[in-house]
Structures are given as C-alpha cells and as structure tokens.
Amino acid sequence: MNIDNYSNVCEEKIYSHIFATNSKTIFNYIYYKFGNEEKAYDAVQEAFVKLWENCAKVIPSKAKSYVYTIANNLYLNMIKAEKVRLKYAHLSPDISNETPEFLLEEKQFHKKLENALAALPENQRTTFLLNRIDKKKYTEIAELEGVSVKAIEKRMHLALKTLREQIDGI
C-alpha cells in the first residue's frame, strides 16, 4: 500500500496500515529504552490516539516519526512524574528435564545478564537490544535514535565490551 499519495492519516485504512506496520516496533523501542512493559504499552497506545486526534495535521510519510516522538515523550513524562526505576520482567523457568544444577546456573546467568543490561547506559542498552532482539540494522537504529551509524557502532562496541567484562562466558 502506497500511503504517500494521501495528504493526511485520517482515512481509516491509512491509519490502520500505519498502526499495523509500526506499533510492535514502536512498543519494542520504548520497552527496550525504558524497561517497563506495561508503561510502554500505555505510551504506544496513547501515541496512536494522539495521531488519530491530529490526523489532519500529519502526513503519512511523517506518521512513523510522529508516533515515535510522541511515544518517547509520553514515556519521559511518565518517568518524570513517577520517577520510575528500570526493571525487567522476570521469566519463570518452565518445568524441564534439566538438572537442578543446570537450572540454578541458568537462573544465575539470567540474573547476571539482567544486572549487566540494567547497568548499561540507556543509549547502549537500547542499541544492543534493538540489534540483538529485534534484529534491527545499525542504519535503522541510527534513524530511530537520530544519530549517525558510527555512533551506533560505537555504542554497540561499548555495550559488548561492558557485557563481556561483567559476565564470564560471553
């Protein structure tokens, strides 16, 4: 669907297309950046509501960056208002045939990884998770973050270096 032929996003099919193609990525971006799943959902949902409310003012080619900016700003306002600390969802291990020693080591490794990721500066953590979890290319991350590809390469290098230092076996 070529959405660039439209002057705004007020048509339901255009809005739906923008939502379908961008909502998951925007959610992941906000979640990785701030670490709170529930609040990330709220920010993304509110950002799309604001897009709909301002649909006549937003051209389709700018809708993606508009929603990214709104979601990011909404989340920053949530943090400012509530002074939320970063936290990651703890996954409970499923029942398996693994030995208790293995399960304990795995749990300890996950804890080390969570702590190491939480200790990374926000920009390095966001870059690392977007690249390794969402499989985003450096150019895509650079566009999202509004920086050069070289800056993303440097962030990734520093993140990997820090993670290697903090976690044995990586």
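The model shown is predicted, which means the values in this text are computed figures rather than measured ones.

Engineer: Is there a simple way to think about the side chain of K33 in this case?
Structural biologist: Looking at the element boundaries, K33 is found in helix α1 (residues 12-34). For K33, a relative accessible area of 10% puts it in the buried group. Other than its neighbours up to four places away in sequence, K33 contacts N72, E122, R125, T126 and E145.

Engineer: How do you make sense of the packing of aromatic side chains when you look at a structure like this?
Structural biologist: Two aromatic rings, taken as a pair, are described by how far apart their centres are and by the angle between their planes. A complete count under the given rule lists seven aromatic pairs for this structure. Between Y15 and F48 the ring centres are 6.3 Å apart and the planes differ by 85 degrees, which places this aromatic pair in the edge-to-face class. Taken together, the positions of Y15 in helix α1 and F48 in helix α2 (residues 37-53) put the pair 33 residues apart, joining distant regions of the chain. The exposure classification of Y15 matches that of F48, with both residues buried. With 5.3 Å between their ring centres and 70 degrees between their planes, Y29 and Y68 make a pair best called edge-to-face.

Engineer: Is there a simple way to think about the pattern of salt bridges in this case?
Structural biologist: In this structure the tally under the stated criterion is four salt bridges. The partner of K50 in a salt bridge is E46, with the nearest N and O atoms 4.0 Å apart. Of this pair, K50 and E46 both sit in helix α2, four residues apart, which is roughly one turn of the helix. Looking at K50, the relative accessible area reads 27%, which means it is partly exposed. Classification of E46 as partly exposed rests on a relative accessible area of 33%. With a closest N to O distance of 3.6 Å, K150 and E153 form a salt bridge. Of this pair, K150 and E153 both sit in helix α7 (residues 149-166), separated by three residues, roughly a single helical turn. Under the relative-accessibility criterion, K150 is labelled exposed at 63%. On the basis of relative accessibility, which here comes to 34%, the residue E153 falls in the partly exposed class.

Engineer: How do you make sense of the nonpolar core when you look at a structure like this?
Structural biologist: Looking at soluble globular proteins, one finds that nonpolar side chains tend to be buried together. V9, I18, I26, I30, F48, L51 and F128 are the most contacted members of the largest nonpolar core, which has 42 residues in total. For this core, the elements supplying multiple residues, two or more each, are α1, α2, α3 (60-82), α4 (100-119), α5 (122-132), α6 (138-145) and α7. Among the elements that line this core, the one with the most residues is α1, at ten residues. Each of domain 1 (3-74) and domain 2 (93-168) accounts for three or more of the residues forming this core. When residues no more than four places from it in sequence are discounted, the contact partners of I30 are G35, A40, A43, V44, A71, N72 and Y75.

Engineer: I would appreciate a short explanation of the confidence of the model for the chain in the present structure.
Structural biologist: Atomic detail in the predicted coordinates should be set aside for any region of low pLDDT. On average, residues of the chain score 80 in pLDDT, and 84% of them are at 70 or above. Between the elements of the chain, mean pLDDT differs from a low of 81, seen in α3, to a high of 92, seen in α7. When the criterion is pLDDT under 50, residues 83-93 qualifies, and its contacts beyond four places in sequence or with other chains add up to 20 contacts.

Engineer: I keep staring at unusual backbone geometry and nothing clicks. Help me out?
Structural biologist: With glycine set apart, most residues show a phi of negative sign, and most peptide bonds adopt trans. Positioned with a positive phi, K135 is a non-glycine residue whose angle comes to about 60 degrees. Following the sequence through the fold, K135 ends up in the loop between α5 and α6.

Engineer: Would you take a moment to explain α7 for this structure?
Structural biologist: Since there are 3.6 residues in each turn of an α-helix, residues three or four apart along the chain are aligned in direction. A rise of 1.5 Å per residue sets the reference length of α7, with its 18 residues, at 26 Å; its end C-alpha atoms lie 26 Å apart and thus fit the reference within 8%. By the burial criterion, the buried members of α7 are I152, R155, M156, A159, L160 and L163. Viewed end-on, α7 has its buried residues packed into an arc of 130 degrees, placing them on one side of the element. In α7, the exposed positions angled more than 90 degrees off the buried face are occupied by K150, K154 and E165. The inward-facing, buried residues of α7 contact α4, α5 and α6.

Here is what the cut-offs are and how they apply
- Residues numbered from 1 in each chain as written.
- Predicted model: local features only at pLDDT ≥ 70, side-chain atom pairs only at ≥ 80, totals over all residues.
- Heavy atoms only, no water.
- Helix = DSSP H or I, 4+ residues; strand = E, 2+ residues; numbered from the N terminus.
- Buried < 20%, exposed > 50% of the residue type's maximum accessible area, 1.4 Å probe, protein only.
- Contact = heavy atoms within 4.5 Å.
- Phe/Tyr/Trp six-rings, centres within 6.5 Å; stacked < 30°, edge-to-face > 60°.
- Salt bridge = Lys/Arg side-chain N within 4 Å of Asp/Glu carboxyl O.
- Core = buried A, V, L, I, M, F, W, Y, C linked by side-chain atoms within 4.5 Å.
- Domains from an automatic or database assignment.
- pLDDT = per-residue confidence, 0-100.
- Expected span 1.5 Å × (residues − 1).
- Arc of directions from axis to C-beta.

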